[in-house]
Structure formats: C-alpha cells, structure tokens
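Okay, here's what each chain looks like letter by letter:
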2 protein chains.
Amino acid sequence: MTNRWNKSDTLVDDTHYMKQALLEAQKAGERGEVPVGAVVVCKERIIARAHNLTETLTDVTAHAEMQAITAAAATLGGKYLNECTLYVTVEPCVMCAGAIAWAQMGRLVFGAEDEKRGYQRYAPQALHPKTIVIKGILAEESAALMKEFFAAKRR
Amino acid sequence: MTNRWNKSDTLVDDTHYMKQALLEAQKAGERGEVPVGAVVVCKERIIARAHNLTETLTDVTAHAEMQAITAAAATLGGKYLNECTLYVTVEPCVMCAGAIAWAQMGRLVFGAEDEKRGYQRYAPQALHPKTIVIKGILAEESAALMKEFFAAKRR
C-alpha cells in the first residue's frame, strides 16, 4: 500500500477533492449564487458538501465554508475538525477564516485567491497556528467560474 | 416628542438594549455556554435575540452575533442590516466581525473588550467602513459574567 500522504499523492488527492468543491460551486452559480463551493474531508472521506446560499437563505452567514463546517461537526459529533481538510474553491473571507480557526481545522486547501475580500489581506493571522494552508489547487477553474458569474451579471 | 437620537438619549437606549443582551448572556451561562448574548434593534424594536450555543449545537459558528444576524435578516426579509444596531455583551471575534461587515450593520455596540479573541486585535479593519462602533456599554457587568463563568469552570 502506498503512503497516501507523501507529497505527490497528497497533491493528487487535493485535486480530486477540489473537483468536488468545484461541482458545489457550479451548483451555486446555477441558482444565481456567487459560485463558491466547499467540501470537508476526514480520513479520505467527504463528510460535508456545501455551496454558497446567501441569496437563497437571505443570510450573509451562509457561505459555503460556514455550512460545511457546521455540517462536518454534526457528522462527527464534535466541534473540532483538526483531523479534517476543508477544500474551498475561493480564498475564505474574514468571517470564514474566523470559523476555520474556531474549528481548529487541520488543513485548509483553497483554489483562487480573493484580493478584495480574502482573509489574507484583512486578517492574515486569523487562522489557528496549527492549520496547514495549501493554495492554488484548481485556481484557474475556480477563478473562471467567478469571472463568468460576474460577467453575466453585468450583461 | 423628544429626539431619541440625541447623544444622551442614545446612551440611555444603548444601556437599555444592552441589558437585554446581558439577559441573553445569562441564559447562555445557565446552560453551560460561554456567557455572551446579543440583540438586534431596528427602529427601536428588538427584532432578534440570541445567546452563544456552540456547545449545545456542537457548532463553532453558533456565536450569539451570528445567530442574531441570521434571525434579524429573516425577520426583515433582507440580508442587509444597515438600519439596525447589534448589541453584544463582549467584543466580537474575527468571525463575527466578518459577518457584521457582510451584513453592513448600521451600528455595533459592545460591552467588554476581548483582548485575546476580539476582532480589534486580529482584524481591526474587518468591519464595514460605515458601521458606527460604540464600546464599553455595561462593560463591567458583561466582563463579570465571563469571569464568573471561567472561575466556576476551574473549580
């Protein structure tokens, strides 16, 4: 059995799971929501899937990451997700970074950076110090979804 | 009819509504939750009340402010709370500050500062630039509830 956590295998896994997050982002876009998707993976199993629902729920807190964290904790029966990885198509905002910190997320993997609203600009130290951060997985695909969405809005 | 928004009257109102937030914080403490409470006021009416429920719901996102924002938006039927005031007994964390920003909250009034987890330390620019911030309303009472709670935990 290969060690799934050597560097190259992790990258393959990260791309695999990010594709699932992208599917969630597409679902958001199809219902008129800003297309951001997320999945939470624990021990190679997807335990939560979510996409942005702020318009549908009339709730600014209904970001993909927030829902994924809530759902993952419900599945595990515990608040802390230190053995989990959160995959999200776009860099989390300050709110979501705060939630990721409270959850003590083991790993955060995101696709496209968000220069305007991303946590790296406004709260670079918001995450838990033990959370491993991987950036840029399927970044182009994630960014393309966002660009298409906002271009269509302006038409 | 007096102008309820002159300086002294606002202070009276802020104390009045913060007392309601304190009642919520007490409810949290009584059920073993970190005692933080919040209310949202719109046009002199309380449209949402909430207290921290992270333990009860096994959900790190269930802070008083998050629930109050979600409930207030549901009551108003709109995501934006720019005509509302959020009263919360303790300085919001980074997550909640992010949510307050997305909601474009008109005013944020908080009691005790939170040097360890408060947004002012980690994300001082997290709030929407138009949000008016008032600090220190019933700060001692709010801080006392927190101190009692953690002292009892250590016993």
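Residues numbered from 1 in each chain as written. Chains lettered and ligands numbered in written order. Predicted model: local features only at pLDDT ≥ 70, side-chain atom pairs only at ≥ 80, totals over all residues. Heavy atoms only, no water.

### What to know about the sheet that holds strand β2 (residues 45-51) of chain B
All names here are of chain B.
Logical step 1: Spatial strand order, β2-β1-β3-β4-β5: 5 strands in an open sheet with mixed pairing. Two strands in the sheet have a free side with no partner beyond their single neighbour: β2 and β5 (132-135). For this sheet, the mean angle separating the axes of adjacent strands, direction not counted, is 15 degrees.
Logical step 2: Here 4 bridges tie strand β4 (residues 107-112) to β5, and the two strands are oriented parallel to one another. Bridge pairing in β5 places V109 opposite I134.
Logical step 3: Sheet strands touched by helix α6 (residues 139-154): β3 (84-90) and β4. Its angle to β4, the strand with the most contacts, is close to 60 degrees. (Pairing = 2+ DSSP bridges. Helix = DSSP H or I, 4+ residues; strand = E, 2+ residues; numbered from the N terminus. Axes fitted to C-alpha atoms, helices over the stretch in contact; angles between N-to-C directions. Contact = heavy atoms within 4.5 Å.)

### A word on the relation of the copies chain B and chain A
Logical step 1: With an axial shift of 0.0 Å and an RMSD of 0.0 Å, the rotation relating chain B to chain A amounts to 180 degrees. Read as a symmetry element, the transformation amounts to a two-fold axis. Minimal C-alpha distance to the rotation axis in chain B is attained by M95 of chain B, lying at 1.9 Å.
Logical step 2: Comparing contact sets, 100% of the residues at the interface of chain B also lie at the interface in chain A, consistent with an isologous, same-surface contact. (Least-squares fit on C-alpha atoms with pLDDT ≥ 70 in both.)

### Describing the interface of chain B and chain A
Logical step 1: Each partner contributes residues to the interface: chain B has 26 residues there, and chain A has 26 residues.
Logical step 2: Carbon and sulfur atoms supply 72% of the area buried between chain B and chain A, which totals about 2,200 Å² over both sides.
Logical step 3: Broken down residue by residue, the surface that chain B buries against chain A is led by V60, K79 and W102 of chain B, which jointly contribute 33%.
Logical step 4: Along the contact surface separating chain B from chain A lie 2 salt bridges.
Logical step 5: Notably, a salt bridge pairs K79 of chain B with E55 of chain A, separated by 2.7 Å at the nearest N-O pair.
Logical step 6: Between chain B and chain A we count 6 residue pairs in polar contact (both at pLDDT 80 or more) in total. (Buried area = accessible area lost by both parts, 1.4 Å probe. Salt bridge = Lys/Arg side-chain N within 4 Å of Asp/Glu carboxyl O. Polar contact = N/O pair within 3.5 Å; in protein donor to acceptor, adjacent residues only side chain to side chain.)

### Considering the pattern of salt bridges
Residue and element names in this part refer to chain A.
Logical step 1: Inspection of the entire model under this criterion finds 8 salt bridges over all chains.
Logical step 2: A salt bridge links K27 to E24; the nearest nitrogen and oxygen atoms lie 2.9 Å apart. A residue pair is termed a helical-turn pair when its members lie 3 or 4 positions apart in one helix, as K27 and E24 do in helix α1 (residues 7-30) at 3 residues.
Logical step 3: The exposure class assigned to E24 is buried, which follows from its relative accessible area of 3%. (Buried < 20%, exposed > 50% of the residue type's maximum accessible area, 1.4 Å probe, protein only.)

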